[in-house]
Amino acid sequence: MPVEYTERGMLKYTKKLIERFKNPKNVGEIENPTVVATEGDPTCGDMFKMFLKIENGRIEDVKFLSFGCAANIATGDMTADLIKGKTVEEAGKLQIKEIADGLGGLPAIKMHCATLAYRTLKKALTKYKQKQAGGAQARPKG
Ligand code: FES
C-alpha cells in the first residue's frame, strides 16, 4: 500500500484501522495467563505486551497492552482476533500480511508496527512450547 497522506499532512489509514484503533476489543490483561510476552521495537522505542490463556493447546483468550502508535494498537487488536480460538499450531502459522489485510491494508512505513505485535505473538508461543516441554520433562515417568 503506497504511503498516502490526508490534506492535513497526516498519514492516511484505512477506515477499518481507525475503527480498530478507536475501539480495540482486546486491550487489557488476563488474570493468571498461561503465558505473557513482551517485545520492543528498537526503531521507534515502542513496546507491546501479550497475554495468552491457552487450554488443551487452544488459545481461549488474548489480551494486549500497547505502548505504541495507532497502527500498533489496531494491528495488535487484529492479531488477537485472528488467533483467538485457534490452536497453538494454527496461530503459529499466522502471517503479517493477514494482519495488515484484516485492516484493509497498512502503509508500508507502518508495517513494523504490525511486526511488533507479530513478534510478540511468536515469542509468546515459543515460551508456551518451552513451558510445555519443561513440564513434560519434569513429570515423573511411568
Ligand atoms: S511507531 Fe512504534 S509501534 Fe508504531
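Residues numbered from 1 in each chain as written. Predicted model: local features only at pLDDT ≥ 70, side-chain atom pairs only at ≥ 80, totals over all residues.

(A) Representation of the sheet that holds strand S1 (residues 35-40) in the model. Spatially, S1-S2-S3 is the arrangement adopted by the 3 strands of the open sheet, whose pairing is antiparallel. Only two strands of the sheet have a single neighbouring strand rather than two, namely S1 and strand S3 (58-67). Sheet twist, expressed as the average angle between the axes of neighbouring strands with direction ignored, equals 15 degrees. With 6 bridges connecting them, S1 and strand S2 (residues 47-55) associate as antiparallel partners. Pairing of Thr38 across the sheet is with Lys49, part of S2. The sheet contacts of helix H2 (residues 70-83) involve S2 and S3, and relative to S3 the element is tilted by about 175 degrees. (Pairing = 2+ DSSP bridges. Helix = DSSP H or I, 4+ residues; strand = E, 2+ residues; numbered from the N terminus. Axes fitted to C-alpha atoms, helices over the stretch in contact; angles between N-to-C directions. Contact = placed C-beta atoms within 7 Å.)

(B) Examining the environment of Asn26 more closely. Following the sequence through the fold, Asn26 ends up in the loop between helix H1 (15-22) and S1. Linking Asn26 and Asp61, residues 35 residues apart in sequence, is a C-alpha distance of 9.0 Å.

(C) Spatial organisation of unusual backbone geometry. Even without a glycine there, the phi angle at Asn32 is positive, about 55 degrees. Checked against the element boundaries, Asn32 lands in the loop between H1 and S1.

(D) Summary view of H1. Taken residue by residue, H1 has Leu17, Arg20 and Phe21 as its buried positions. Taken down its axis, H1 places every buried residue within 100 degrees of arc, on the same side. H1 presents Lys15 and Lys22 as exposed residues on the side facing more than 90 degrees away from its buried surface. Looking at the buried positions of H1, the neighbouring elements they touch are H2. (Buried ≥ 20, exposed ≤ 12 C-beta atoms within 10 Å, placed from the backbone. Arc of directions from axis to C-beta.)

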